[in-house]
Amino acid sequence: MWLAIDKMEQSVHHTDGLKNPQKAGNDMVLGIYRNHVRTVIYKAYTKKTFGEYWDIAENKKIPKRAWTQEMRMFYADRAKEVPKPPYLIKVTIFGWIFLTLCIGILASLVYDSFKPPLPKSAQVSAMEAPLVPGDVFFGHFEAYKKKGDRIASGIGFGWFKIVSMKQDTFYVAKSTVMSKNHQSSEKLNSTDFEMETIPATITEKSGYTIRLMATDGKTEYYLDEKKP
């Protein structure tokens, strides 16, 4: 972020009667200043001032560690006479734009945190419900020659029925008509199922998909739609 600090002169005072701690006999002058800070977002004056003593003859600043007690008191008295800055902080046009954006983002985050969630569709709610005997789903299966294979030896699309269950194991029956290619659920038989069932357990379940793996590891089911 762009930043600039300017030393603004507030007043200048001759120091008649004060002794120069470094060059006896050389006149000094006291300058009182405050900083003015400028950034893209804001401008600001420091509330506190600071003083600098200068050797007029040599045009050199006298370091603060060399100030005498009288010099410190003289600065403290003159600093009280310095007028207040025109402002302490002022936001720029870009600053107001930035603040407006920040407030808008914060308000949006707060609104989103309190906003009630969108109602779930009937299909999502149905997919999230616990599986029970009688449930019918559309999806596909992948068959493997042996457990642990990564490439399926057979695939079929159609409807599947949860015939029964025993604890966490579900007995799945395939539709009597399965397609080797993907088709819409309306085109395939959803009422007639094979007598043979395969025991399987759930490996993934959400509002959009249910995955079951046969207990022998040779068949995997991907269920994507529940029949009403």
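Our subject is the structure that appears above.
To start, this report covers the structure provided alongside it. (Residues numbered from 1 in each chain as written. Predicted model: local features only at pLDDT ≥ 70, side-chain atom pairs only at ≥ 80, totals over all residues. Heavy atoms only, no water.)

## Quick notes on the side chain of H13
Rules: The way it works is that DSSP assigns letters per residue, a run of H or I at least four long becomes a helix, a run of E at least two long becomes a strand, and they are numbered from the N terminus. Throughout this description, buried means an accessible area under 20% of the type-specific maximum (1.4 Å probe, protein chains only), exposed means over 50%, and partly exposed covers the range between. Under the rule applied, a polar contact is a pair of N or O atoms within 3.5 Å (in protein, one hydrogen donor and one hydrogen acceptor; residues adjacent in sequence only if both atoms are side-chain atoms). Contacts between residues were defined by any pair of non-hydrogen atoms, one from each residue, lying within 4.5 Å.
Of note, H13 is situated in strand 1 (residues 3-14). Classification of H13 by relative accessible area gives buried; the value is 14%. Looking at H13, its side chain comes within polar contact range of the side chain of S11, at 3.0 Å. In this structure H13 touches V29, L30, I32, F74, R78 and E81, once residues within four positions along its chain are discounted.

## Thoughts on the sheet that holds strand 7 (residues 136-143)
Short version of the rule: In short, DSSP must find at least two bridges between two strands for them to pair. Geometry is summarised by axes, namely lines fitted to C-alpha atoms with helices restricted to the contacting stretch, and by angles between N-to-C directions that run from 0 to 180 degrees.
With respect to topology, six strands assemble into a closed barrel ordered 7-8-9-10-11-12, the strand pairing being antiparallel. Between one strand axis and the next, the sheet turns through 45° on average, direction left out of account. Judged from the eight bridges that link them, strand 7 and strand 8 (residues 154-166) form a sheet pairing that is antiparallel. Following the sheet pairing, F141 is matched in strand 8 by G156.

## A short note on the pairing of strand 10 (residues 198-205)
Where strand 9 (residues 169-174) lies against strand 10, three bridges are found, and the strand directions are antiparallel. The partner of F170 across the bridge, within strand 10, is A200. Two elements, strand 10 and strand 11 (residues 210-214), share five bridges in a ladder whose sense is antiparallel. Each bridged residue has a counterpart across the sheet, and for I202 the counterpart in strand 11 is L212. In textbook terms, the turn of a hairpin is the stretch between consecutive antiparallel strands, and for strand 10 and strand 11 this stretch comprises four residues.

## Brief notes about the pattern of salt bridges
Applicable threshold: For this document, the term salt bridge refers to a Lys or Arg side-chain nitrogen within 4 Å of an Asp or Glu carboxyl oxygen.
Applying the stated rule across the entire model yields 11 salt bridges. Between K115 and D112 there is a salt bridge, and its shortest N-O distance comes to 3.6 Å. D112 sits in the partly exposed class, given a relative accessible area of 41%. Note that E128 is salt-bridged to K120, the shortest N-O span being 2.7 Å. A relative accessible area of 36% means that E128 is categorised as partly exposed.

## Here's the deal with the side chain of S175
Considering the arrangement of structural elements, one finds S175 in the loop between strand 9 and strand 10. Note on S175: relative accessible area 0%, which makes it buried. Non-local contacts of S175, meaning those with residues more than four positions away in its chain, are made with W159, N189, D192, F193 and E194.

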